[in-house]
Amino acid sequence: MSQFTSPDLDAWQCYLIVALLGLVIAVVRIVRLSDGKELPGRWVYVQTWLLLFVYVFMPLLLFAVLDWTGVINDTSLLAAVVVALSYDRILAGGMEGVKAPVFILFWWQSIKNWSNEVSQHLQEREDYREERFKDRLQYQVSCDDKKFVKLKDLALTCNNKIIEQNNLDNNLNNIQIAGHNTITSQELQVREILERILNPKAFKYNLRKYGIIDWYDVRYFWEQPRVKTFFLFLTVIAIIAFLSFPVSSYLQRPEVQDRYYAWRLRKADTTELDLHRAREYFLAVGGEQKEARLSRLAAVLIHPQLSENRREVVMQLLLAQRNTAPGSQTSLADVLIPLLRTPSAMVRTQVHQTLLKLAQDRKVTIKDKDLKTWQPDGKETGLEVEKRLEQWQGVFSPLPQQTPASSGRTTKKKSRR
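Residues numbered from 1 in each chain as written. Predicted model: local features only at pLDDT ≥ 70, side-chain atom pairs only at ≥ 80, totals over all residues. Heavy atoms only, no water.

### Describing the overall build of the protein
What counts here: Numbering of helices and strands starts at the N terminus; helices are DSSP runs of H or I of at least 4 residues and strands are runs of E of at least 2. Classification of residues uses two cut-offs on accessible area relative to the type maximum, computed with a 1.4 Å probe and protein chains only: under 20% is buried, over 50% is exposed, and between them is partly exposed. By the convention used here, residues are in contact when the closest approach between their heavy atoms is within 4.5 Å. Areas reported here follow the Shrake-Rupley algorithm with a probe of radius 1.4 Å; residue values treat only the protein chains shown as occluding.
Within the protein, the secondary structure is distributed over 19 helices and zero strands. Buried residues in the protein amount to 40% of all 417 residues. The contacts in the protein between residues at least 6 apart in sequence include a share of 70% that link residues at least 24 apart. Summing over all exposed atoms, the protein offers an accessible surface of approximately 24600 Å²; the carbon and sulfur share of this is 56%.

What follows is the structure in C-alpha cells.
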C-alpha cells in the first residue's frame, strides 16, 4: 500500500479517521448481525455495546500493527481509509499486498465466533420478550371487556397478511360456547388470536391505533424504527460529547504533546513531513515548560533503537534551545549531564562534545584537563563515569552570588581605608 501517494497527516488524525469510520462500519455490522431478522431492541443489551466497542477497536489495532510491521505508515490518509473500510477483507486475506499477523487473524476469528453467539443470544432474548409481551397483552385484554371487544374486532377485520383468518371466527365461537367462565374464555380467545399473528410489527401498530395497548408500552416503543434511530443517535452523540471534552483537554496538555512528538522522533519509519512537524514543535518550545520539555527531548537521545541520523536530529534540537547569554546554558547542561550514564559510547561521546560546546559558549574554563581530553569508548567503569559526571556538574555549577549584607560590609571596609 505504500506505493500509492497519499496526503501525509499527523498520526493522531489518521487514528481518529480510522476510529470514526470504524464506528460507522461497526453500527452497520450490528444492524446486519441478525441475518435479516427483526431485533428491534438490540441496542438495549450490554452485549451489543461490547461488540460495538470491539468492532471499533479492531481496525485501530490492525492499523497500528500494520504500521509497526512496516506495511503502511500511520500518517497516510489513504492507508487509514482503506484499513477502516476494508479491515475485514484484510483479515480474511482478500487484499493483495496487505497481510495481517497471525495473532490478529486468530483474534478476529474468535471475535466472529463471539458475534455469532451474541446474535443467537439477542434472538433468544427477543423471543423471550415477545412471549412476555403476549402474556402481558393476554392478561390485560382478558380483564378488560372493552379491550377484548376491540381486539376481537381487529382480528376478524384485519388483513390476512397480518393475522391468519382461516377458520378464526369458528374457532373463537367454539371457545366461547365451550362452557368456560368469562375470563378463561376471553384468555383462550386472545391466545388463539395471538398464535395466528403473521406480521407482529403491523399487528402492534394496529394495537396502538385502536387503543388496545398504551403508547408508553416498552415493547411497542422499541418496535418503532424512528424511535430506535432517534435514541441510537442520541446515545452515540451523548457518548462522544461526554468523552470528547476530557479527552481533548488531556491531549492538549503540554506533557502529553511532548510525549507524542518525542514518540514521532523515536519512530523508525517516520516520514520526512512527520519528522518536520516534530522538529517544528520542539523548536517552538519556550516559556515555563521549557526545562521539562528539554528533559523529555533528552530522554529520546538515549533510546536504544534510535538511529544515528535521528540522534543527530535530536541533538540539533537540544542545541537549538541554548541561549548565548552568560549563565543561560545551565538548564540544558543539567539535562545533558545525567545522560553520561548511558551505556552507549556514541551517545556518551555526543553528550560530552555538546557539553564542551556549552562550556565554550558560557566562556568558562575547564580546570580538569583530563575532562577536556576525555574520549568515551564505552569501557569506562561506573566509578569513572560518576567522576566525569561530577566534574561536569562542577563546571556548570552556578556562581555564588553575594548577599546584600556581605556587599554592605565590603563597602564599609573600603570606606575605612
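### Considerations on a nonpolar patch on the surface
The following threshold applies: Patch rule: a residue counts if its relative accessible area is over 30% and it has no salt bridge; like charges are joined within 9 Å, and nonpolar side chains (Val, Leu, Ile, Met, Phe, Trp, Tyr) within 5 Å. Between Lys or Arg on one side and Asp or Glu on the other, a salt bridge is scored when a side-chain nitrogen of the former is within 4 Å of a carboxyl oxygen of the latter.
Among the surface-exposed residues, Ile239, Phe242, Leu243, Val247, Tyr250 and Leu251 lie close enough to one another that they form a single nonpolar patch of about 590 Å² accessible area. Secondary-structure assignment places Leu251 in helix H10 (residues 225-251).

### Things to note about the nonpolar core
For clarity, the threshold we go by: The nonpolar core is taken to be a set of buried Ala, Val, Leu, Ile, Met, Phe, Trp, Tyr and Cys residues, with the residues joined through side-chain atoms within 4.5 Å.
Of all hydrophobic cores here, the largest spans 39 residues; its most connected members are Leu265, Leu318, Leu355, Trp392 and Phe396. If sequence neighbours within four positions are ignored, Trp392 has contacts with Ile337, Leu340, His352, Leu355, Leu356, Ala359, Ile366 and Leu371. Counting residues in each nonpolar core, the second largest holds 37 residues, with Leu51, Tyr55, Met58 and Val118 among its members.

### Considerations on helix H5 (residues 145-157)
The line we're drawing: To estimate how far a helix should extend, the number of its residues minus one is multiplied by 1.5 Å. The arc refers to the directions leading from the helix axis to the C-beta atoms. Polar contact criterion, stated in full: a pair of N or O atoms within 3.5 Å, where within protein one must be able to donate a hydrogen and the other to accept it, and residues adjacent in sequence count only if both atoms are side-chain atoms.
Helix length check: H5 (13 residues) gives 18 Å between terminal C-alpha atoms against 18 Å at 1.5 Å per residue, within 8%. When H5 is considered as a whole, its buried residues turn out to be Lys147, Phe148, Leu151, Lys152, Leu154 and Ala155. Buried residues of H5, viewed axially, fall in a sector of 160°; they line one side. Across from the buried face of H5, at angles greater than 90 degrees, the exposed residues are Lys146 and Thr157. Near the N-terminus of H5, the side chain that reaches the backbone nitrogen of Lys146, with its oxygen 3.1 Å away, is that of Asp144.

### Here we look at helix H14 (residues 308-320)
Helix length check: H14, at 13 residues, gives a terminal C-alpha distance of 18 Å against a target of 18 Å (1.5 Å per residue), a fit within 8%. Among all positions of H14, only Arg310, Arg311, Val313, Val314, Met315, Leu317 and Leu318 are buried.

### Here's the deal with the packing of helix H1 (residues 11-31) against helix H2 (residues 46-68)
The cut-off we apply is this: Helix axes use the C-alpha atoms of the stretch in contact, all axes being lines fitted to C-alpha atoms, and the angles between their N-to-C directions lie in the range 0 to 180 degrees. Here roughly perpendicular refers to angles of 65 to 115 degrees, roughly parallel to angles under 35, roughly antiparallel to angles over 145, and oblique to all remaining angles. Should the near helix be turned anticlockwise from the far one by less than a right angle, the crossing is termed left-handed; should it be turned clockwise, right-handed. Amino acid classes used here: Ala, Val, Leu, Ile, Met, Phe, Trp, Tyr, Cys and Pro are nonpolar; Asp, Glu, Lys and Arg are charged; the rest, including Gly, are polar.
At a minimum axis distance of 8 Å, the contact between H1 and H2 shows a crossing angle of 140°. With respect to H2, the axis of H1 lies oblique. Between H1 and H2 the crossing geometry is right-handed. Contacts between H1 and H2 involve Cys14, Tyr15, Val18, Ala19, Gly22, Leu23, Ala26, Val27, Arg29 and Ile30 from the first element and Thr48, Leu51, Leu52, Tyr55, Val56, Pro59, Leu60, Phe63 and Ala64 from the second. Taken together, the residues of the contact of H1 with H2 break down into 16 nonpolar, two polar and one charged.

### Structural notes on the confidence of the model for the protein
Just so we agree on the cut-off: For every residue, the predictor states its confidence as a pLDDT score lying anywhere from 0 to 100.
When pLDDT is averaged across the protein, the result is 80; 84% of the residues are at 70 or more. In this model residues 324-329 is a low-confidence stretch, pLDDT under 50, and it forms nine contacts with partners more than four residues away in sequence or in other chains. Below pLDDT 50 for its whole length, residues 399-417 participates in one contact with residues either more than four positions away or in separate chains.

### Observations regarding the pattern of salt bridges
Enumeration according to the criterion identifies 18 salt bridges in this entry. Here Asp8 ties to Arg277 by a salt bridge, and the two come within 2.8 Å at their closest N and O atoms. Placement of Asp8 in the segment before H1 and of Arg277 in helix H12 (residues 272-283) is noted, with a sequence separation of 269 residues between them. Across the pair, exposure class does not vary: Asp8 and Arg277 are buried alike. Shared partners join several salt bridges into a network, and the residues in it are Asp8, Asp10, Asp67, Asp74, Arg264, Lys267, Asp269, Asp274 and Arg277.

### Remarks on the packing of aromatic side chains
Definition in use: Two aromatic rings, drawn from Phe, Tyr or Trp (for Trp, its six-membered ring), form a pair once their centres lie within 6.5 Å of each other, and the interplanar angle then sorts them: stacked below 30 degrees, edge-to-face above 60, tilted otherwise.
This structure, assessed with the given rule, holds 10 aromatic pairs. Between Tyr87 and Trp108, the ring centres sit 5.6 Å apart and the planes meet at 80°, which makes this aromatic pair edge-to-face. Of this pair, Tyr87 sits in helix H3 (residues 77-91) while Trp108 sits in helix H4 (residues 102-142), and the two are 21 residues apart along the sequence. Side by side, Tyr87 and Trp108 carry an identical accessibility label, which is buried.

### Focus: the environment of Ala11
Tracing the backbone shows Ala11 in helix H1. Along the sequence, Ala11 and Asp274 sit 263 residues apart, while their C-alpha atoms lie 8.4 Å from each other.

### With respect to the side chain of Arg311
Going by this rule: Working convention for charge: Lys and Arg count positive, Asp and Glu count negative, and His plus the chain ends are omitted.
Relative to the assigned elements, Arg311 resides in helix H14. Despite being buried, Arg311 has no salt bridge partner; Glu308 is the closest side chain of opposite charge, sitting 6.2 Å away. There is a polar contact of 3.0 Å between the side chain of Arg311 and the backbone oxygen of Leu306. If near-sequence neighbours (up to four positions away) are discounted, Arg311 is found in contact with Leu301, His303, Leu306, Met346, Val347 and Gln350.

### What about the packing of H5 against helix H6 (residues 168-176)?
Interhelical geometry of H5 versus H6 gives an angle of 150° and a closest axis separation of 10 Å. Overall, the two elements H5 and H6 adopt an arrangement that is roughly antiparallel. Only Leu168, Asp169, Leu172 and Gln176 of H6 make contact with H5, whose side of the interface consists of Lys152, Ala155 and Leu156. When the residues that make up the contact of H5 with H6 are grouped by side-chain class, the tally is four nonpolar, one polar and two charged.

### A closer look at the environment of Leu23
The topology assignment puts Leu23 in helix H1. Linking Leu23 and Phe53, residues 30 residues apart in sequence, is a C-alpha distance of 8.3 Å. If we skip the residues at most four places from it in the chain, Leu23 touches Leu52, Val56, Val236 and Ile240.

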